[in-house]
Amino acid sequence: TTGTPMLALTDIHSYYDHIHALKGITLNAYEGEIVALIGGNGAGKTTTLRTVSGMMKPRTGTLSYLGEDVAGKPAHQTMQMGMSHVPEGRRIFAQLTVRENLEVGAYTITDKKLIEERVQEGFAYFPRLKERENQLGGTMSGGEQQMLAIARALMVNPRLLLLDEPSMGLSPLFVEAIFDIIVKLNKEHNTTVLLVEQNANMALAIAHRAYVLQTGEMKLSGKASDIAKDESVRKAYLGDE
Ligand code: ATP
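Residues numbered from 1 in each chain as written. Predicted model: local features only at pLDDT ≥ 70, side-chain atom pairs only at ≥ 80, totals over all residues. Heavy atoms only, no water.

Taking an unreviewed UniProt entry as the reference, the protein chain is identified by name as Branched-chain amino acid transport ATP-binding protein LivF belonging to Deinococcus marmoris. Turning to the protein chain, the UniProt record has this under Sequence similarities (unreviewed entry): "Belongs to the ABC transporter superfamily." (UniProt positions renumbered as here; feature names shortened; annotations may be inferred.)

Quick look at helix α7 (residues 172–189) now. Taking 1.5 Å per residue as the helical rise, α7 with its 18 residues ought to reach 26 Å, and the 25 Å between its terminal C-alpha atoms agrees with that figure. The complete set of buried residues in α7 reads F174, V175, I178, F179, I181, I182, L185 and N186. Down the axis of α7, the smallest arc covering the buried residues is 155°, so these residues share one side. The exposed set on the far side of α7, more than 90 degrees from its buried face, consists of P172, L173, K187 and E188. Once α7 ends, the next one or two residues include N190, with phi positive near 60°. (Helix = DSSP H or I, 4+ residues; strand = E, 2+ residues; numbered from the N terminus. Expected span 1.5 Å × (residues − 1). Buried < 20%, exposed > 50% of the residue type's maximum accessible area, 1.4 Å probe, protein only. Arc of directions from axis to C-beta.)

Hydrogen bonds between backbone atoms are what pair the strands of a sheet, whose relative direction is either parallel or antiparallel. The strand order β6-β7-β8-β3-β9-β10 describes an open sheet built from six strands, whose pairing is mixed. One side of each edge strand has no neighbouring strand; the edge strands of this open sheet are β6 (83–86) and β10 (217–223). Recorded for the sheet is a direction-independent mean angle of 15° between the axes of neighbouring strands. Sheet topology note: the strand β9 (residues 209–214)/β10 ladder contains six bridges and is antiparallel. Across the sheet, Y211 pairs through a bridge with S221, a residue of β10. This element, helix α1 (residues 45–53), spans β3 (34–39), β6, β7 (160–164), β8 (192–196) and β9 of the sheet and lies at about 150° to β7. (Pairing = 2+ DSSP bridges. Axes fitted to C-alpha atoms, helices over the stretch in contact; angles between N-to-C directions. Contact = heavy atoms within 4.5 Å.)

As structure tokens, this is what we get:
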């Protein structure tokens, strides 16, 4: 956590009309880090990811990515710069096969050979998707759809992966599989990950650093292992009495 961060939010304020969802968020992510964003319902976790990827424009504050001011840059442009956002609730194409979903994820790539390489790489990470290459996305289980959504986001070989609640609605085995893949990706590709999770225990176990959001404000930040030990965090988010 020295040098220039890959991603830097400084005093970011974002609104939904008159709803003040982010009230001065400051957050950094350094290349190669897994950064967890935890907090209760409505804290602003999803809004933070949306603001970073350009799905939403912050009203004030600065947002820099790879040394460039990207505040309000649309999502297709941040994607060209190596960001990939897996939104809440997956959003895979139900009427397309697994393979077709992956190919859609590579729509910015014109080199057919490279696309095929990436598809195969995706299958190596997610063998279950390989078995189901020709199955329609909509007929996959929730966990399989989440895997597909992540694999699709990886088609562009992102430098920064934004993951919104990857464990949502998944059985413990799937949750573990997804978290294993996040760690593997981070280790093997040095992919920087900004991870939003309700499952704070799991997120803190794999993250290097963490930020705790509460009603649009940053309550706490630090090493994930320290955050995991914090009394107030344990009470509020880790199920301690
Ligand atoms: P959760 O864990 O419940 O998904 P979150 O931390 O991701 O919560 P956000 O979804 O970022 O929280 O919501 C932050 C605030 O913005 C909440 O008060 C929410 O009601 C509001 N909000 C989110 N999306 C919209 C929207 N499309 N229109 C209006 N308000 C919204």
